[in-house]
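Structural overview for review
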Amino acid sequence: MDIQVNQRSDYTFKYNQKLARHGWLRLTPAYSVKLVSEMINKIPSESFILDPFSGTATTGLVAAEQGLQAHCLDINRFLIWLGNAKCRNYSFSELDDFNQRIKTTIHQCKFLINQECWTPEIYNITRWWSTHTLKILAALRQALVNEFGEPKEGDVSSLAWVAFCRLVIETSSAAFNHVSMSFHDQVIWYEIEQIEQLYQVIIEAIVNSISYPLAGKATVFYADSRYSISINDVKYSHVVTSPPYPNRMSYIRELRPYMYWTKFLDTAKEAGEIDWQAIGGTWGVATSRLQSWEFNGIELSGSLNRIVSQIGESENKNARLMAKYVEKYFYDMHLHFENLRQNLQDNAVLSYIVGNSSFYGIPVNTEKFLEESLKQLGYTNIGSQVIRKRNSKKELFEYCVSATWK
């Protein structure tokens, strides 16, 4: 397919990085604030928006910025915590108290350097941070715990922990040279004064980013979007979201350092469990379980079945596994569309940003297969529009798949 479309970096996470709350933490698969804003600008003020794949809560935060109401859903409790921290208003009094307590925290850090402070069980952790830097980060973390306690919902201390997450990634050897992360050849040795100064700069940036109040309200809830969703019996007028793509990119991989340091994750096995629950997840145990997964109870389109068969018959040792991966992805998305219907108002409008894929040279036209599921389930006004060219293979694009419920 020869489509003349630009890459549009302003329609990716790169556009978000310097945008107030949206730029707090990097997540490569996060979709663009600009794209979401353009979609939400057209939505009436009395609407209630649902994002069933919240991620970094871009949809919820844009909705709140524009004075709308939104519910967002995710299966990752770290992302739920982060999303609610981003979508909350903070009073002047709690920020004033917060700033004083941050000074106390940084002062305490110096006295904890020579103590044995906790560090996370990250495999080959000295690939991420030098032993000297680790000692300082661990001391700062303990000082945060002493002053604020561990990360918790609905508390101004979330700002301190978000800043700490930003600090650990900025002092690490992680490199973002492609769609996920790799590592620089050498780790950097930081002194305590450098760590303290960088942490203060990050704190100031975060506090400055919340100086304006959010006119609307967005809340992130725990839910598996493949199944029935019931949040206070709300019926939604609009769904604006970007689910994972069928491209074997694990969200949990990029989130792991944040989640380990904040104790939302303790072991690699837990990371695999989260990825198994996620649509399109392939980290750890998710891959091994995929081998024994059996298709059950849903008739998907013949065109999808043909593509799955072609992938499975490819001359590659992982061909059958990848065929199952593609089949399960669209099975899970079909389940999502099926169970979503009971949560929608009549004439509810759906907008899904998705990407196509390719396995062993066989194209997987995500947008078309999702359109077929929507049609099979009784949705109307179904269509898709190409949004941008992606940065990787020449045949990969992003689309907006749209539909109406009744």
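About the cut-offs
Residues numbered from 1 in each chain as written. Predicted model: local features only at pLDDT ≥ 70, side-chain atom pairs only at ≥ 80, totals over all residues. Heavy atoms only, no water. Pairing = 2+ DSSP bridges. Helix = DSSP H or I, 4+ residues; strand = E, 2+ residues; numbered from the N terminus. Axes fitted to C-alpha atoms, helices over the stretch in contact; angles between N-to-C directions. Contact = heavy atoms within 4.5 Å. Polar contact = N/O pair within 3.5 Å; in protein donor to acceptor, adjacent residues only side chain to side chain. Salt bridge = Lys/Arg side-chain N within 4 Å of Asp/Glu carboxyl O. Buried < 20%, exposed > 50% of the residue type's maximum accessible area, 1.4 Å probe, protein only. Arc of directions from axis to C-beta. Core = buried A, V, L, I, M, F, W, Y, C linked by side-chain atoms within 4.5 Å.

**Notes on the sheet that holds strand β5 (residues 217-222)**
Taken in spatial order, the seven strands line up as β5-β2-β1-β6-β7-β11-β10 in an open sheet, and their pairing is mixed. In this open sheet, the two strands that pair with only one neighbour each are β5 and β10 (379-389). For this sheet the average axis-to-axis angle between neighbouring strands, irrespective of direction, equals 15°. When strand β1 (residues 48-51) meets strand β2 (residues 69-74), the two strands line up parallel, connected through four bridges. In the sheet register, F48 faces β2, and the bridge partner there is Q69.

**Quick word on the environment of T171**
With respect to the helices, strands and loops of the structure, T171 is situated in the loop between α6 (158-170) and β3 (174-175). Sequence-wise, T171 and L73 are 98 residues apart; in three dimensions their C-alpha atoms are separated by 31 Å. Those residues in contact with T171 that sit more than four places away from it in its chain are W128, W129, T133, L137, Y190, I195 and L198. Polar side-chain contacts of T171 include one of 3.4 Å to the backbone oxygen of V168.

**Some remarks on the pattern of salt bridges**
In this structure the tally under the stated criterion is 15 salt bridges. The salt bridge partner of R166 is E170, with a shortest N-O separation of 2.7 Å. With R166 and E170 both in helix α6 and four residues apart, this pair spans about one turn of that helix. For R166, a relative accessible area of 25% translates into the label partly exposed. You can call E170 partly exposed: its relative accessible area is 34%. A salt bridge links E398 to R388; the shortest N-O distance between them is 2.8 Å. Pair noted here: E398 is in strand β11 (residues 397-405) and R388 is in strand β10, with a separation of 10 residues, a long-range link. Through salt bridges with shared partners, one network takes in D224, R226, K328 and D332.

**Quick word on the side chain of K328**
Here K328 shows up in helix α12 (residues 319-340). At a separation of 2.7 Å, a polar atom in the side chain of K328 contacts the side chain of D332. Discounting residues that sit within four places of it in the chain, K328 has contacts with R226, W276, L290 and W293.

**Thoughts on helix α11 (residues 302-312)**
Along an α-helix, a turn takes 3.6 residues, which lines up residues three or four apart on a common side. Looking only at α11, the buried set comprises L304, I307, V308, I311 and G312. Across the axial projection of α11, the buried residues extend over an arc of 135°, all falling on one side. In this fold, the buried residues of α11 make contact with α12, β8 (357-359), β9 (362-364) and α13 (366-376).

**Remarks on the nonpolar core**
Among the nonpolar cores identified, the biggest contains 61 residues, and F78, F98, W129, L159, F164 and Y199 are the most heavily contacted of them. Those elements that provide at least two residues to this core are α3 (77-86), α4 (92-112), α5 (131-148), α6, α7 (192-209), α8 (251-261) and α9 (268-277). Excluding residues that lie within four positions of it along the chain, F164 makes contacts with L137, L140, R141, L144, Y199 and W261. Core analysis: the next-biggest nonpolar cluster, separate from the first, contains 49 residues, I307, I362, F369 and Y379 among them.

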